Amino acid sequence: MYRSMMLINGEQVEGASGRSEIIHNPANQEPVAEVVIGDVSDAVRALEAARHAFPEWSSSSPKIRCNLLHDAAEIVRQRADHIAELLTMEMGKPIRDSRREVLSAADSLDYFAEEGLRNTGDWIATGDTRSIVTKQPIGVVSLITPWNYPVELLAWKAGPALAAGCTAVAKPSSLAPVAATEFIMAINDAGLPPGVLNIVHGSGDTVGAELVTNPISRKISFTGETSTGRWIMEAAARHLKRVSLELGGHAPMIVFDDADIDAAAGACVRRAFGNMGQVCISVNRVYVDDAIADDFTEKVIRRTLDLRIGNPLDPEVDLGPMVSGAQRRKTVEHIEDALRKGARLLCGGREPEGDLFAKGYYFMPTVLSDVDHTMRMMREETFGPVAPIMRFSGEEEAVRLANDTEYGLAAYIYTDSMRRAIRISERIEAGSIGVNVGSVIDHHAPFGGWKQSGIGRELSHRGLEEYMEIKHIRLGL
Ligand code: NDP
């Protein structure tokens with residue numbers, strides 16, 4: 001069976017405790033890989049390796065770091081099929097999407113390779129003094145990631161951290177550590193000096209907590225649940241460490257009466273059900289103008305019924321299993337709660353039938369109407385394949401409903417009116433707004449949350465700045 005080791009100081013290593021765990025395929029429960037498990041002492045070893053590597057890496061020329069990141073991106077592309085297959089087998093994402101994720105991760109490395117060259121400062125002349133303002137790498141950083149995009153979200157952190165001149169210790173999710181580890185190995189194989197980029201496995205409570213609390217790490221870049229992010233921020237505060245927190249979301253989609261209904265329905269289905277709804281920027285709540293609600297809902301149902309569910313290694317499949325039984329149970333609980341409170345089930349709402357699905361965490365994509373904000377799915381992150389549709393009338397009501405959430409990661413608006421698009425975009429409390437598009441991710445633009453969805457930004461030049469400290473050098477003439 002495939003064995004996934006940790007990487008500390010440039011070497012593939014076992015954990016100090018000698019423990020390992022088997023990762024099982026959520027599509028059929030078959031073993032996928034044996035994963036070496038670390039403990040606190042392994043986390044410390046990795047942090048020390050990163051500290052040792054920091055002086056040389058941080059003072060290396062940005063061009064050298066740029067070339068290494070481009071080489072790393074190329075190696076990731078060469079290994080994309082292998083990494084994507086592991087990713088699909090460990091967490092259930094359809095192979096087409098896994099491949100796209102890995103290639104996009106390579107693109108992130110290329111993007112930050114170049115962005116690292118544009119790390120300019122300021123020169124300010126003030127009478128008989130001059131001020132130089134420069135940006136320097138923060139130091140050792142801890143990169144902690146979830147299971148839903150285990151490769152791409154790690155690339156959003158490792159790319160800018162390395163480009164900025166930081167050294168790093170990554171900890172992937174215990175549910176899906178294998179593809180993430182292959183990704184880190186591929187970057188190292190480009191010729192990184194030992195210790196620059198390490199990866200350790202193990203539970204968040206022990207290994208993750210050590211990466212957060214150990215004074216060697218100067219910054220924590222975390223993606224995961226809001227409750228974990230809150231704990232990390234509190235723990236990091238004891239050392240006044242920098243934090244970037246990409247947390248939960250509860251994205252609204254507002255469809256106005258002047259929208260292209262086909263385009264809106266297509267985006268709704270892709271964004272509510274892609275990756276089985278296990279996406280922080282999934283559409284969680286659909287608000288549709290009363291005048292077009294019937295037409296829109298019918299189109300959503302038709303497209304939902306066209307989705308192919310099956311073995312995620314089949315390239316024709318749109319939806320695979322969910323990551324775990326717990327994730328599926330939470331989805332069922334949210335649907336039951338909504339139905340109890342008066343929602344209407346329009347399609348899905350159950351597991352698919354047949355031998356193929358018997359051992360996997362499969363669930364049918366589910367569309368509901370007649371929902372309201374007393375229901376859990378309209379307030380809490382379901383993280384499952386559910387599209388609850390609610391009617392509104394007038395802009396005021398649409399904005400009020402969209403903002404009636406503690407989260408503020410992303411929102412989607414469909415309208416043909418540019419004025420309305422700008423007016424509504426400016427009033428919605430979220431870090432990213434997609435107008436007539438079903439994705440808000442672009443390497444060139446910042447991504448991050450308002451309210452309980454997080455602190456800091458990833459991607460774009462702002463994503464690089466998260467790994468740098470500003471220094472003012474004042475010169476007397
Ligand atoms: P978790 O918060 O449970 O875990 C995320 C990572 O943190 C895992 O590696 C986990 O390790 C680790 N961890 C857990 N506890 C601690 C701790 N005390 N100290 C340090 N590390 C810890 O999130 P999930 O993996 O369940 O991911 C799903 C969540 O991620 C959703 O809420 C989703 O919205 C959010 N997310 C946010 C995104 C964004 O950009 N805003 C993007 C994608 C997802 P272990 O696995 O061992 O527990």
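Since this is a predicted model, take the numbers as computed values, not measurements.

Scoring rules and cut-offs
- Residues numbered from 1 in each chain as written.
- Predicted model: local features only at pLDDT ≥ 70, side-chain atom pairs only at ≥ 80, totals over all residues.
- Heavy atoms only, no water.
- Axes fitted to C-alpha atoms, helices over the stretch in contact; angles between N-to-C directions.
- Helix = DSSP H or I, 4+ residues; strand = E, 2+ residues; numbered from the N terminus.
- Parallel < 35°, antiparallel > 145°, perpendicular 65-115°, else oblique.
- Left-handed = near helix turned anticlockwise from the far one by under 90°.
- Contact = heavy atoms within 4.5 Å.
- Nonpolar A, V, L, I, M, F, W, Y, C, P; charged D, E, K, R; others polar.
- Salt bridge = Lys/Arg side-chain N within 4 Å of Asp/Glu carboxyl O.
- Buried < 20%, exposed > 50% of the residue type's maximum accessible area, 1.4 Å probe, protein only.
- Patch = residues over 30% accessible without salt bridge, like charges linked within 9 Å, V, L, I, M, F, W, Y side chains within 5 Å.
- Areas by Shrake-Rupley, 256 points an atom, 1.4 Å probe, with all protein chains shown as cover.
- Right-handed = clockwise from strand over helix to strand, strands pointing away.
- Pairing = 2+ DSSP bridges.
- Near = heavy atom within 4 Å.

Engineer: Could you give an account of the packing of helix H3 (residues 80–91) against helix H4 (residues 95–115), with specific residues and numbers?
Structural biologist: Angle between the axes and distance between the axes are the two parameters that describe a pair of packed helices. Where H3 contacts H4, the two axes come as close as 8 Å, and the packing angle between them is 125 degrees. Here H3 lies oblique to H4, going by the angle between them. When you trace H3 past H4, the crossing you get is right-handed. Contacts between H3 and H4 involve Ala80, Asp81, Ile83, Ala84, Glu85, Leu87 and Thr88 from the former and Ile95, Ser98, Arg99, Glu101, Val102 and Leu103 from the latter. Of the residues in the contact of H3 with H4, the class split is seven nonpolar, two polar and four charged.

Engineer: Describe in detail the pattern of salt bridges, supporting the description with residues and values.
Structural biologist: Under the definition given, this model contains 39 salt bridges. Lys135 is paired through a salt bridge with Glu465; the nearest N and O atoms lie 3.7 Å apart. Linking Lys135 in strand E7 (residues 129–137) with Glu465 in helix H14 (residues 460–465), this pair joins segments that are 330 residues apart in sequence. You can call Lys135 partly exposed: its relative accessible area is 23%. Arg308 is paired through a salt bridge with Asp318; the nearest N and O atoms lie 3.2 Å apart. Of this pair, Arg308 sits in the loop between helix H10 (293–306) and helix H11 (325–340) while Asp318 is found in the loop between H10 and H11, placing the two residues 10 residues apart along the sequence. Residue classification places Arg308 among the partly exposed positions, given a relative accessible area of 41%. On the accessibility criterion, Asp318 (15% relative accessible area) is buried. Salt bridges linked by common partners bring Asp257, Asp258, Glu395, Arg420 and Arg423 together as one network.

Engineer: Account for a nonpolar patch on the surface, with residues named and values stated.
Structural biologist: A surface patch of nonpolar side chains, amounting to about 420 Å² of accessible area, comprises Trp123, Ile473, Leu475 and Leu477. For Ile473, the position within the fold is in strand E23 (residues 468–476). The partly exposed category is assigned to Ile473, whose relative accessible area is 35%.

Engineer: Before we move on, can you summarise the pairing of strand E9 (residues 167–171) with the specific residues and values?
Structural biologist: The buried count for E9 comes to five of five residues, which makes it a mostly enclosed element. With helix H5 (residues 152–164) bridging strand E8 (residues 140–144) and its parallel neighbour E9, the resulting β-α-β unit is right-handed. Where E9 lies against strand E10 (residues 197–199), three bridges are found, and the strand directions are parallel. If you follow Ala168 over to E10, its bridge partner there is Leu197.

Engineer: Tell me about the site of the ligand, and please be specific about residues and values.
Structural biologist: Inspection of the region around the ligand gives 31 residues, with Ser174, Thr228, Leu247, Cys280 and Glu381 positioned closest. Look at the ligand: alone it shows 900 Å² of surface, and the protein chains cover 89% of it. Only helix H7 (204–213), strand E11 (217–223) and helix H8 (226–237) provide two or more residues apiece to the shell around the ligand. Considering each element in turn, the shell around the ligand owes the most residues, four residues, to H7.

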